[in-house]
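Residues per chain are reported as follows:
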Amino acid sequence: MPELPEVETVRRGLQPVLEGARIERVETRRPNLRYPFPDRFGERLEGRKITSLGRRAKYLIADVEDAPLLICHLGMSGSFRVETDEDAAPGNFHHERSKSETHDHVVFHVADPKGVPARVVFNDPRRFGFMLFAERNGAEHPMLEGLGVEPTGNALDGGLLAQLFEGKKTPLKAALLDQRLIAGLGNIYVAEALWRAGLSPTRAAGTIAGNGKVAKERATLLATSVREVISDAIAAGGSSLRDYVHTDGSLGYFQHSFSVYDREGEPCAHSGCAGHIERIVQSGRSTFYCRQCQR
């Protein structure tokens, strides 16, 4: 499943093409993805301008004038590509992707303010992605309701982490993955952040929420590590694992900077640490960490 940096990279790739563009036509080549398309899906978008393209957690959100908000999720294998009349090639893929129109389920035909046309194609072989409307009635869409703080800004600091984790006996990794607390964190970047902070994924989350000096230092270091690992991954263009690819078909390179994720048996990269990376299973998912320096 694409994580927050992948989704943010997709947003940044689509933003120059979509923001300010007018949706001329929408093709839906099947009646549903993970969920059925909303009623009058294309009709409610066609002829309208996209005023902004944002992100909340792992959701892309297009603000379309005089229309509902459009919420998009990539699912497990979904990707967007941008095609123009000058260069319609989808790009070279790190892992072979379907180029069959069978998996091109949605095509947005758009034109920029100067009238230059482009096609934004959503391809999703597994069809776990979706596109839904959020009506402008003041109520939060169920997909977005209850999401926690974003891990990309200064709002996520040691004090907030301590507040969120106070009294929690759940493992620290599980608490970080709880979307009701922090929105958008996933397995890869939680592993990397915990390694940077020197904290074990198995320790109780509440142990970094105390009033003591050590607990406060741990919370501050973890908050900083989360923000930095997400920032670094966005700058590198995401992890580019398996089905994920940029909108132009190019690759992200953060995966080459993984310190613990998928490095079972390799020496720990922390200076002065003689430990090795181990793999354990937590809640059915792989966890990678160094037992010696992550406490």
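Residues numbered from 1 in each chain as written. Predicted model: local features only at pLDDT ≥ 70, side-chain atom pairs only at ≥ 80, totals over all residues. Heavy atoms only, no water.

As a further point, take unusual backbone geometry. A positive phi angle, close to 60°, is found at R127, a residue other than glycine. Counting through the fold element by element, R127 comes out in the loop between β7 (117-123) and β8 (130-134). Note on R127: relative accessible area 32%, which makes it partly exposed. The phi angle at S283 is positive, at roughly 50°, despite the residue not being glycine. (Helix = DSSP H or I, 4+ residues; strand = E, 2+ residues; numbered from the N terminus. Buried < 20%, exposed > 50% of the residue type's maximum accessible area, 1.4 Å probe, protein only.)

The next subject is the nonpolar core. By size, the foremost hydrophobic cluster in this structure holds 41 residues, and its most contacted members are F165, L172, L176, I182 and L222. Taken together, the elements giving at least two residues each to this core come down to α3 (158-165), α4 (172-177), α5 (187-197), α6 (213-236) and β10 (285-290). Apart from residues no more than four positions distant in its own chain, I182 is found in contact with G148, V149, P151, L156, L161, L164, F165 and L176. Of all hydrophobic cores here, the second largest spans 30 residues; its members include L18, L70, V82 and F108. (Core = buried A, V, L, I, M, F, W, Y, C linked by side-chain atoms within 4.5 Å. Contact = heavy atoms within 4.5 Å.)

A few words on helix α1 (residues 4-18). For α1, spanning 15 residues, the distance from its first C-alpha to its last is 20 Å, which sits close to the expected 21 Å at 1.5 Å a residue. Among the residues making up α1, those that are buried are L4, P5, E6, V7, E8, T9, V10, R11, L14 and L18. Of the residues trailing α1, G20 is marked for its positive phi of about 90°. (Expected span 1.5 Å × (residues − 1).)

So far we have only geometry, and geometry alone does not tell us how the molecule works.
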